[in-house]
Amino acid sequence: MAKPGVRNLITDVPGLRVGQAEDARVRTGVTVILLDQFCVAAVAVAGGGPGTRETDLLGGGRLVGGADAICLAGGSAFGLGAADGVMSGLKSAGRGFALVPRPGVPPTPIVPSAILYDLANGGDKDWGDHAPYAELGRTAYKSAADTFRLGRAGAGFGARAGLAPGGTGSASIVATDGLTVGALAAVNCFGSVRMPASEAFWAWPFENGGEFGGARPAPGLTFDAEDWGAAKADPRVRENTTIACIATDAALTRDEAERVAQMALAGMARAIRPVFAPTDGDVVFVLATARRALEGSRPLQIARIGELAASTLARSIARGVFESERQEACV
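The sections below set out a description of the structure shown in this document. (Residues numbered from 1 in each chain as written. Predicted model: local features only at pLDDT ≥ 70, side-chain atom pairs only at ≥ 80, totals over all residues. Heavy atoms only, no water.)

A separate point is the overall build of the protein chain. Helix and strand counts for the protein chain stand at 4 helices and 11 strands. At 19 Å, the protein chain has a C-alpha radius of gyration in line with the 20 Å of a compact globule built from 331 residues. With the principal axes as the frame, the protein chain shows a C-alpha extent of 65 × 55 × 35 Å. A total of 331 residues make up the protein chain; the buried ones form 58% of that total. Counted over contacts in the protein chain with a minimum sequence separation of 6, partners at least 24 positions apart contribute 80%. Total accessible area computed for the protein chain in this model is approximately 13100 Å², and 54% of it derives from carbon and sulfur atoms. When the 32 basic and 34 acidic side-chain charges of the protein chain are each reduced to a single mean position, those positions are 4 Å apart. (Helix = DSSP H or I, 4+ residues; strand = E, 2+ residues; numbered from the N terminus. Rg over C-alpha atoms; globule rule 2.2 N^0.38 Å. Buried < 20%, exposed > 50% of the residue type's maximum accessible area, 1.4 Å probe, protein only. Contact = heavy atoms within 4.5 Å. Areas by Shrake-Rupley, 256 points an atom, 1.4 Å probe, with all protein chains shown as cover. Lys, Arg positive; Asp, Glu negative; His and termini not counted. Charge placed at Lys NZ, Arg CZ, Asp CG, Glu CD.)

So this is what it looks like as structure tokens:
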């Protein structure tokens, strides 16, 4: 039977670590998924108002098709600068892509990125000529480790999930043959993560071991299709976004990773309602660390990994909100 990994975090996938940094005054933060080595990467963009950087490099027929790290940040378009700090750290480590290595010419670190909107959350955004995001990115890069905090942390530090506090969530699943899939999400969605008139998360059927509270809908619960529950009442462009990363130890091609990314979007639909709206910036990255060869029918294996990715992402979204709510209750 498939079950969560030892940490129940994306870092249960061998070959990557996660670092985070926050600025409590600004009420924002950054999350970095740092790979031990360059690997295949892909992306799926579903929201109508995305904010991204270097995602074109991951498309079919492009030269690179992989990444050294993924950067998720608050700050709307300002937050895209967080990747500068990550690139600085990677450059110092000698990491990056070079078509033809030459003395004195540094390789270019590849750090695809996505942002969410937290500019209107009450934090002090009067940072003058220098936005804090490059430094937050460098700090997050330096702090990368096997374990990391959920809830009010990293890119989800200043987020809102409908009317609930948003946050950073993560989860993992290990299949019976050892194949591992992990997910990380920074949840700032317009839609609600809970069913109307219920404490149950939309993602409740996928929960493992009470990881986000164990609430279940009442028997026979129904609701009006126009009832979105605790969604935000005033959607505005780029204020509503869930940005996420899936990782697997499977050896995938770039095209296979893109199919997994597209299938993983179903995890957002399982956890948030409504989702992929015109004002959402929903993005899913996929990383394949290639520690495990695929055997048998590759189409069936990709379908399997995509489904594991979707359910694990749904769990990550619910965990991020659940942990943020627990932290708010303790303040």
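Picking up after the structure, the text goes on.
With that settled, consider the packing of aromatic side chains. Here the structure, examined in full by the defined rule, presents 4 aromatic pairs. For the pair phenylalanine 78 and tryptophan 127, a centre-to-centre distance of 5.1 Å together with 80° between the ring planes defines the contact as edge-to-face. You can see phenylalanine 78 sitting in the loop between strand S4 (66-73) and helix H1 (82-92) and its partner tryptophan 127 sitting in the loop between strand S5 (113-115) and helix H2 (133-142), a full 49 residues away along the chain. Classification of phenylalanine 78 as partly exposed rests on a relative accessible area of 46%. (Phe/Tyr/Trp six-rings, centres within 6.5 Å; stacked < 30°, edge-to-face > 60°.)

Formed by 43 residues in total, the largest nonpolar core has its most connected members in Ile246, Leu252, Leu313 and Ile317. Only strand S2 (28-45), strand S9 (180-188), strand S10 (241-250), helix H3 (254-271), strand S11 (283-292) and helix H4 (298-330) provide two or more residues apiece to this core. The element that contributes the greatest number of residues to this core is H4, accounting for 10 residues. Once residues within four sequence positions are removed from consideration, isoleucine 246 is found in contact with Ile10, Val181, Gly182, Ala183, Ala264, Val284, Phe285, Val286, Leu287, Ala309 and Leu313. Core analysis: the second largest hydrophobic core is formed by 27 residues, Leu9, Leu58, Leu184 and Ile243 among them. (Core = buried A, V, L, I, M, F, W, Y, C linked by side-chain atoms within 4.5 Å.)

What the rule picks out here adds up to 1 cavity of 30 Å³ or more. Of the volumes computed, that of the largest cavity is approximately 50 Å³. What lines the largest cavity is Gly15, Leu35, Asp36, Gln37, Phe38, Cys39, Thr289 and Arg291. Those elements that provide at least two residues to the lining of the largest cavity are S2 and S11. If you tally residues by element for the lining of the largest cavity, the top one is S2, at 5 residues. (1 Å grid on protein atoms, 1.4 Å probe; cavity = no way out; pocket = protein on both sides within 12 Å on 5 of 7 lines; lining within 4 Å. Points joined across faces, edges and corners; volume = space filled by probe spheres on them.)

Enumeration over the complete set of coordinates arrives at 21 salt bridges. Notably, a salt bridge pairs glutamate 328 with arginine 152, separated by 3.4 Å at the nearest N-O pair. With glutamate 328 in helix H4 and arginine 152 in the loop between H2 and strand S6 (160-161), this pair connects stretches of sequence that are 176 residues apart. For arginine 152, a relative accessible area of 15% puts it in the buried group. When salt bridges that share partners are traced, they join Arg7, Asp12 and Asp146 into one network. (Salt bridge = Lys/Arg side-chain N within 4 Å of Asp/Glu carboxyl O.)

Moving on, we come to the packing of H3 against H4. Here H3 crosses H4 at 35°, and the two axes come no closer than 7 Å. Two packed elements cross with a definite hand, and for H3 against H4 that hand is right-handed. Between H3 and H4, the residues in contact are Glu256, Arg259, Val260, Met263, Ala264, Ala266, Gly267, Met268, Arg270 and Ala271 and Arg298, Ile302, Ala303, Ile305, Gly306, Glu307, Ala309, Ala310, Ser311, Leu313, Ala314 and Ile317, respectively. For the contact of H3 with H4, the residue count by class is 14 nonpolar, 3 polar and 5 charged. (Axes fitted to C-alpha atoms, helices over the stretch in contact; angles between N-to-C directions. Left-handed = near helix turned anticlockwise from the far one by under 90°. Nonpolar A, V, L, I, M, F, W, Y, C, P; charged D, E, K, R; others polar.)

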